[in-house]
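Inside the fold
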Amino acid sequence: MKPVLALVGRPNVGKSTLFNRLTKTRDAIVADFAGLTRDRHYGNGHHGKIEFIVVDTGGFEPDAADGVVREMGKQTRQAVAEADVVVFVVDGREGLSAQDHDIAKFLRRLGKTCVLVANKAEGMKDGVRLGEFFELGLGEVHAISAAHGQGLKPLLDQVLGPFAEAQLEQEAQDEAN
Ligand code: GDP
Ligand code: MG
């Protein structure tokens, strides 16, 4: 079984750029304006020998007064429900926003494996702005640059590590049969 990673986060943090980077395609729509990718969008990725599925979400679109999580698209909720790991993307340049807090609260309640990723961190000295993201209560902050392909290896090592052994064992078994 390939693990499913769902990319979530407020608009414009770089989810689709990360999706493209992980799947090595340009299938996801990367846009300078918020909330263009409204549907779920699946792609295949691999990290060394380990294969995974990644889901891009248009996500937590704040177009009601109700708070970002409440009017989060059904598609996004489903993507999160189906995911083995939720990759919560925040903007390492802009820093923490109220929406990030709302999303984090939702994710913490969910009790799913969740990794926190601060994107757009190219050229930033580690720790300069990243410290504030610890406030989200989701543990370690992974600094990456989806646009420049930086920081992805350690991220994927950690995210996929728990699935790697099972997948390689399964392959070995399939070959033996
Ligand atoms: P989404 O709404 O979360 O899917 O965000 P997009 O992937 O559409 O990206 C939003 C904007 O951020 C685009 O202008 C991207 O070019 C830009 N962006 C994405 N990743 C990075 C990055 O690593 N560094 C910088 N500087 N900009 C990025
Ligand atoms: Mg997008």
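The residue count restarts for each chain, going from 1 along the sequence in the order it is written. Labels follow written order: the first chain is A, the first ligand is 1, and so on. The predicted origin of the model limits local features to residues at a pLDDT of at least 70 and limits the giving and counting of side-chain atom pairs to 80 or more, whereas totals for whole chains, interfaces and linings rest on all residues. Each side-chain value is derived from all of the structure's non-hydrogen atoms; neither hydrogens nor water enter the calculation.

Of all six residues that make up strand β5 (residues 114–119), six are buried, and the element is covered over most of its length. For the exposure calls, accessible area comes from a 1.4 Å probe over protein chains only, and a residue counts as buried if that area is under 20% of its type's maximum, exposed if over 50%, partly exposed in between. Here a helix means four or more residues in a row that DSSP labels H or I, a strand means two or more in a row labelled E, and each is numbered from the N terminus. Taking every second residue as pointing to the same face, both faces of β5 are buried, with Cys-114, Leu-116 and Ala-118 on one and Val-115, Val-117 and Asn-119 on the other. Strands are treated as partners if at least two bridges between them are detected by DSSP. Sheet topology note: the strand β4 (residues 85–91)/β5 ladder contains six bridges and is parallel. Across the sheet, Val-86 pairs through a bridge with Cys-114, a residue of β5.

With that out of the way, let us pick up the pairing of β4. In terms of burial, β4 is a largely internal element, seven of the seven residues being buried. On β4, burial covers both faces: Val-85, Val-87, Val-89 and Asp-91 on one face and Val-86, Phe-88 and Val-90 on the other are all buried. Pairing analysis gives four bridges linking strand β1 (residues 4–8) to β4, with the strands arranged parallel. Following the sheet pairing, Ala-6 is matched in β4 by Val-86. Read as a crossover between parallel neighbours, the route from β4 over helix α3 (residues 98–110) to β5 is right-handed. Seen with its strands pointing away from the viewer, a crossover is right-handed when the path leading from the first strand over the helix to the second is clockwise.

It is worth spelling out the nonpolar core at this point. Counting 22 residues, the largest nonpolar core has Leu-5, Leu-18 and Val-87 as its most contacted members. When contributions to this core are tallied by element, the ones reaching two or more residues are β1, α1 (15–23), β3 (50–56), β4, β5 and α4 (152–176). Residue contributions to this core peak at six residues, all from α4. Here a residue-residue contact requires only that any non-hydrogen atoms of the pair lie within 4.5 Å. When sequence neighbours within four positions are dropped, the list of residues in contact with Leu-5 reads Phe-52, Ile-53, Val-54, Val-55, Val-85, Val-87, Leu-156, Val-159 and Leu-160. Grouped together as the second largest cluster of nonpolar side chains are 19 residues, Phe-106, Ala-118, Phe-133 and Leu-138 included. In this text, buried Ala, Val, Leu, Ile, Met, Phe, Trp, Tyr and Cys residues form a nonpolar core when linked through side-chain atoms within 4.5 Å.

A word on unusual backbone geometry. The phi angle of most residues is negative, glycine excepted, and most peptide bonds adopt the trans form. Phi angles above zero are rare outside glycine, and Asn-12 is one such case at about 75°. Within the fold, Asn-12 resides in the loop between β1 and α1. Positive phi outside glycine occurs at Lys-120, with the angle close to 65°. Looking at the secondary structure, you find Lys-120 in the loop between β5 and β6 (141–143). Classification of Lys-120 by relative accessible area gives partly exposed; the value is 26%.

Here the focus is helix α2 (residues 74–82). Here α2 has its buried residues at Thr-76, Ala-79 and Val-80. Here the buried residues of α2 occupy an arc of 100° about the axis, which is enough to place them on one side. What points out from α2, more than 90 degrees from its buried face, is the exposed set Lys-74 and Ala-81. By definition, the arc is the one covered by directions from the helix axis to the C-beta atoms.

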